[in-house]
Amino acid sequence: MSLESDVRTLWQRYDDGDVDAASATVDELDTLDAFLDALEAGEVRAAEKTGTDVTSWEANEWVKRGILLNFGLRETLTREYGDVRYHDVLPLRDTDDLGDRGTRNTPDGTVIRRGAHLGSDCIMMSPSFVNIGASVGDGTLVDSCDTVGSCAQIGADVKLGANTLIGGVLEPVEDAPVVVEDGAALGAGCRVTSGFVVGENSIVGENTLLTPRIPVYDLVDEEIYYGHLPANRRAFTRFVESSLGDHDLFAGGAYKPAVVALDIEDDTLDATRREEALRE
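Below is a summary of the structure that appears in this document. Bear in mind that the values here come from a model prediction, so they are computed numbers and not experimental data. (Residues numbered from 1 in each chain as written. Predicted model: local features only at pLDDT ≥ 70, side-chain atom pairs only at ≥ 80, totals over all residues. Heavy atoms only, no water.)

A few words on the overall build of the protein chain. Along the protein chain, the regular secondary structure elements total 4 helices and 26 strands. Relative to the globule expectation of 19 Å for 280 residues, the C-alpha radius of gyration of the protein chain, 20 Å, shows essentially globular dimensions. Counting only C-alpha atoms, the protein chain reaches 65 × 45 × 40 Å along its principal axes. The 280 residues of the protein chain split such that 46% are buried. A separation threshold of at least 6 residues defines the contact pool for the protein chain, and within that pool the share at least 24 residues apart is 41%. For the protein chain, the exposed area adds up to about 13,800 Å²; of that, 48% sits on carbon and sulfur atoms. If you average the places of the 24 positive and of the 53 negative side-chain charges in the protein chain, the two averages end up 2 Å apart. (Helix = DSSP H or I, 4+ residues; strand = E, 2+ residues; numbered from the N terminus. Rg over C-alpha atoms; globule rule 2.2 N^0.38 Å. Buried < 20%, exposed > 50% of the residue type's maximum accessible area, 1.4 Å probe, protein only. Contact = heavy atoms within 4.5 Å. Areas by Shrake-Rupley, 256 points an atom, 1.4 Å probe, with all protein chains shown as cover. Lys, Arg positive; Asp, Glu negative; His and termini not counted. Charge placed at Lys NZ, Arg CZ, Asp CG, Glu CD.)

Put into structure tokens, the structure is as follows:
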């Protein structure tokens, strides 16, 4: 049987109440370990792009179910990380493979959970956190105080500025996770949540919130988009008039956030240029 069919069968048994954390056998836990190994190797992913458009990302529901099984069929144990004791169903990821692939994680605070994939020539600055099911592509920089949430898909050669939050999603299993496509650069303090997709090579200004509930006013296509930023855009936050309007409690009307997207200019590309010396 394939790993996918093993996971699907085990999920059905778990969903039917035939197996739980107390009754899970060694063979069943071995299946879960093999599944986590496949996630870490990048052999399976929580979402995949089914077409060429930025909107064509779809969740792999069986992968998300496999991740959920690792919570449902494991006991919480006391574990150690350096001189810190913590309690979780999973240990942290073994990082012995990173150095051979040119990936660096600086000490005292880079936390990679079991089941997370990091490509070659990545840089993880301290403190930062990559959760289970997330995939970080080759040559990507995860800067200080960044969080890459569960199942998030971060492409190759991406720059996540300091204090950036990439939201996670595990339920419902049909929901696609946050995606940041190849070559994108997010400024410090950005927040990307609820399955939003950042198109390849786009550059997002500092402290921008990207979520499907906030419109993207694309001045290139002259369209309003929800849930994604097209490829090759320069995006930043602006505030537009709210339907709430004037109110007795405040003067000057009410405003709500929006995102404005423009063509990328040469000086913007220069400001976000990769320094290859960091990845030698």
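Note: strand β3 (residues 77-81) against strand β4 (residues 84-88), 5 bridges, orientation antiparallel. In the strand pairing of β4, Thr78 is matched with His87. Counting the residues between successive antiparallel strands, the hairpin from β3 to β4 contains 2 residues, one of them, Gly82, with a positive phi of roughly 65 degrees. (Pairing = 2+ DSSP bridges.)

With 13 residues, helix α1 (residues 3-15) extends 18 Å from end C-alpha to end C-alpha; this agrees with the ideal 18 Å at 1.5 Å per step. Listing the buried residues of α1 in full gives Val7, Leu10 and Trp11. All buried residues of α1 lie within an arc of 105 degrees about the axis, which places them on one face of the element. In this fold, the buried residues of α1 make contact with α2 (26-40) and α3 (61-72). At the C-terminal side of α1, Gly17 shows a positive phi close to 85 degrees. (Expected span 1.5 Å × (residues − 1). Arc of directions from axis to C-beta.)

With 12 residues, α3 extends 16 Å between its outermost C-alpha atoms, agreeing within 8% with the 16 Å of an ideal straight helix rising 1.5 Å per residue. Along α3, the positions that sit buried rather than exposed are Trp62, Val63, Lys64, Gly66, Ile67, Leu69, Asn70 and Gly72.

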